[in-house]
Amino acid sequence: MIEVLNRFKFRKNSKTKKISIYSSDPTPPPIPSSRSSLPGRFLRLSSRGCGFLLIVFVSLFIIEWIRLPDLNQLLRSKSSSLIITDRWGEFIDLTLTPDDRLAMWVSLEEIHPKVIEATLTAEDQRFYDHGGVDLQAVSRAAYDNLSNQRIISGASTVTMQLARLLRPLPRSFYGKFREMVLALHIENNWDKETILEYYLNFAPYGGNVYGVEAASRRYFGKSAKELTLSEAALISGLPQSPSRLRPDRYPQAAKKRRDWILMRLYELKKVTQAQYERSLQREVRPRFHSIDKTAPHFSRWLASKMPRISNQANIHSTLDPDLQTLAQSVLSEELERMSSDGIQNTALILAETQSGKIRAWIGSQDFNDPEAGQVDGAISERSPGSLLKPFLFTLAFEKNWIDENTLLDDSPRYYRDGYRPENFSRSFKGKVTASEALRDSLNIPTLDLLKSMGLGEVIEKLKDSGLVSLRKNAQLSGLTLGLGGVDVTLYELMEAYRTLGNGGVYSPLVATESSLQKSTHDSRTQSKSRITLSPNHRVFSQEAVEKVTSILQEVGFSTQERLAPLKLPDLAIKTGTSFGLRDAWAVGYNQDWTIGVWLGNFDGSASKELVGRKAAVPSILSLFRLLPELNSKRSSTPSNLASTSKDNQSLNLNSLTTPKAPYFSPKESFNNPSTPSIQWVTPPHRATILHTQREGGDKLILRGTSSIPEIKLNWFIDGSYQGQTRSGENLSWLLKSGAHTITLSTNTGHTETRTIFVK
């Protein structure tokens, strides 16, 4: 301002005062010139501009730093494939991520050092010297780009690339600035090894392949710790441009990138000249390797059961690959033998009896069959035929209603609605012992026991044994429950028969070796969890189980000439054949193993050969003969079962003079087609009941009557068994808000259902 005023004064005075060239003052007054002040003005403006830009930069940096996302939240958004290994820790299967990526998590220690060296050489040579942003690289890239007036090089460090993988941003200058801020934040929270581990697991390698382990398996069919120098260099160059350098599609471009990385490794003296030259000679012939799956049905089931606490996990399963191969071989041979009879599929589960560890699982004959190969017969609900009969006899033994020599009546009779069941042989044996009735799987004695014990109690025992998927309306099956009138899975039958094999104590099957290892992207932080369904509990007394097991051990399957001679000590076997010859079953168990086999067709078509004894038993016997543990010396008496004399392999009814127990007479016998009627008393159908919610709760009175007073009435609410009453007796139920279905049934199978609403 002073300068401007001075100029203004000079101009004003120059109008009133003349200056002579003869003046005594030899120095003329200076002539104002705007050109003499330009450099200073430029410097001043530049300094002010730089200051302003610095303020803007610092302000934006502070804003972005405050707005930084939580790193753990970013990690949780990056899911990885579920890797499943066998009992020895070898890879058997994996799943895709929810967004269909193949991303296999491995620790830094599981990656070959040459892969790490090649990656840093290609992407970030000064990785261990910078703090997330390489200023030297930024300066070099800026100079190169300005000199060529186009972008020819970048300055992204491995940390910046990881930041972009965790939080994708628009490709712009401001996006790059935000990426740098996040990279600094990452370096401030994680060490270099952690950053490198995350990068190598998240980086893209072409197609849907993410992570160096997935790339190694897809392109070379091996793990990242097994790669050669040439393969390591090729894979390390892919993240620069995964689509353009994908080796299975553009091998020449991938080779050119590989050769450059090898040259840089040689120049940096990280490989010898011999290694360099030898690796250059390697041809680039990668192909898209398929992932071999040892037990695909088992892996799929196991993945569905894994607790979804983390998006990443490695499951160390119990599967034994040798036993899986053995089981597949035996079943394939048996199925080939029966293919001409229209039998197309099979399923199997093999488990250790005492530990419950699943060692083999087959869901279908061929997983890759386009029609029904991926249907898992091991968890498909099918009619079990006679496989539930041993549990009915076990309960009857436990209640001391019968023992092995109690006489039962296998004579024709009618049940509800004129139902007149027959045995599989289409004949009846008259008076037989309980042992013979179970061993020969006779229907009438089984139904007499079921009637006397009551449907509700039997259903609860079956559920406690492992048959948890019995439908809520299982009681509607009536007496047909004992003959396979409900649907169950092979998996549940395995748990139930393991209950018998373990002396009456239920424990769930085990699918993982000791723990389920989960990783929250940091392989150094692990948590453990068990896949279990319920704690162990006793279902039947050991004495009752011993009796049933002894009877099932006497079944003479080993007389089949095709498999003779067979010596299978203490092997208990039960077969099942569903109505209409649609399912053939066999379950065998001893102190070492429990094996369940199903044969049939997934479309439900029948075959005259679908009989448990003919179709399923041969596979059971073959496997028990081939299992290695059977060749070892051991006691002939199971550790959890009392010794049983095998002197009398069968009991002849005519030789019995006095049975140990009296003749069993069913408590409710109907030898004519007449059906007892039942009537509701309370509550009315579709009644609305007000719930006062007073202390102690409100109770609803359930009462029904029957035309035959001796008939027991079973009550179920929403499928849950509530208790049993006689005609006219009351049963109380604590009210719960909502709609409820009440079912009243008799032991003869007659049922009535009503609905109530509680408000």
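Scroll up to find the structure this text is about.
So, here is what we can say about the structure in this document.

Cut-off values and rules
Residues numbered from 1 in each chain as written. Predicted model: local features only at pLDDT ≥ 70, side-chain atom pairs only at ≥ 80, totals over all residues. Heavy atoms only, no water. Axes fitted to C-alpha atoms, helices over the stretch in contact; angles between N-to-C directions. Helix = DSSP H or I, 4+ residues; strand = E, 2+ residues; numbered from the N terminus. Parallel < 35°, antiparallel > 145°, perpendicular 65-115°, else oblique. Left-handed = near helix turned anticlockwise from the far one by under 90°. Contact = heavy atoms within 4.5 Å. Nonpolar A, V, L, I, M, F, W, Y, C, P; charged D, E, K, R; others polar. Phe/Tyr/Trp six-rings, centres within 6.5 Å; stacked < 30°, edge-to-face > 60°. Buried < 20%, exposed > 50% of the residue type's maximum accessible area, 1.4 Å probe, protein only.

A closer look at the packing of helix α15 (residues 389-398) against helix α20 (residues 542-553)
Axes are the key here: two packed helices are described by the angle between their axes and the distance separating the axes.
Here's step 1: Following both chains from N to C, one finds α15 and α20 inclined at 135 degrees, their axes separated by 8 Å at the closest point. By the criterion of interaxial angle, the relationship of α15 to α20 is oblique. Like other packed secondary-structure pairs, α15 and α20 cross with a definite hand, here right-handed. On α20, the residues that touch Pro-390, Phe-393, Thr-394, Phe-397 and Glu-398 of α15 are Ala-544, Val-545, Lys-547, Val-548, Ile-551 and Leu-552.
Here's step 2: Tallied by class, residues from the contact of α15 with α20 come to eight nonpolar, one polar and two charged.

A short note on the packing of aromatic side chains
Here's step 1: Counted by the stated rule, this structure contains 14 aromatic pairs.
Here's step 2: The interplanar angle of 10 degrees and the centroid separation of 6.0 Å between the aromatic rings of Tyr-198 and Phe-202 together place this pair among those described as stacked. With Tyr-198 and Phe-202 both in helix α8 (residues 192-202) and four residues apart, this pair spans about one turn of that helix.
Here's step 3: Since its relative accessible area comes to 3%, Tyr-198 is described here as buried.
Here's step 4: Ring geometry for Tyr-497 versus Tyr-589: centroids 6.2 Å apart, planes at 55 degrees, classification tilted. Linking Tyr-497 in helix α19 (residues 490-501) with Tyr-589 in strand β15 (residues 583-589), this pair joins segments that are 92 residues apart in sequence. Taken individually, Tyr-497 and Tyr-589 each receive the classification buried, so the pair is uniform in this respect.
Here's step 5: A network of ring pairs unites the aromatic residues Trp-105, Trp-190, Tyr-198 and Phe-202 as a single cluster.

Description of the packing of helix α14 (residues 321-338) against helix α21 (residues 612-626)
Here's step 1: It is the contact of α14 with α21, at a shortest axis distance of 10 Å, that shows an interaxial angle of 150 degrees. Taken together, the axes of α14 and α21 are roughly antiparallel relative to one another. In this structure, the crossing between α14 and α21 has a hand that is right-handed. Between α14 and α21, the contacting residues are Leu-326, Ala-327, Val-330, Leu-331, Glu-334, Arg-337 and Met-338 on the first element and Lys-614, Ala-615, Pro-618, Ser-619, Ser-622, Leu-623 and Leu-626 on the second.
Here's step 2: By residue class, the composition of the contact of α14 with α21 is nine nonpolar, two polar and three charged.

Structural measurements only, silent on function.
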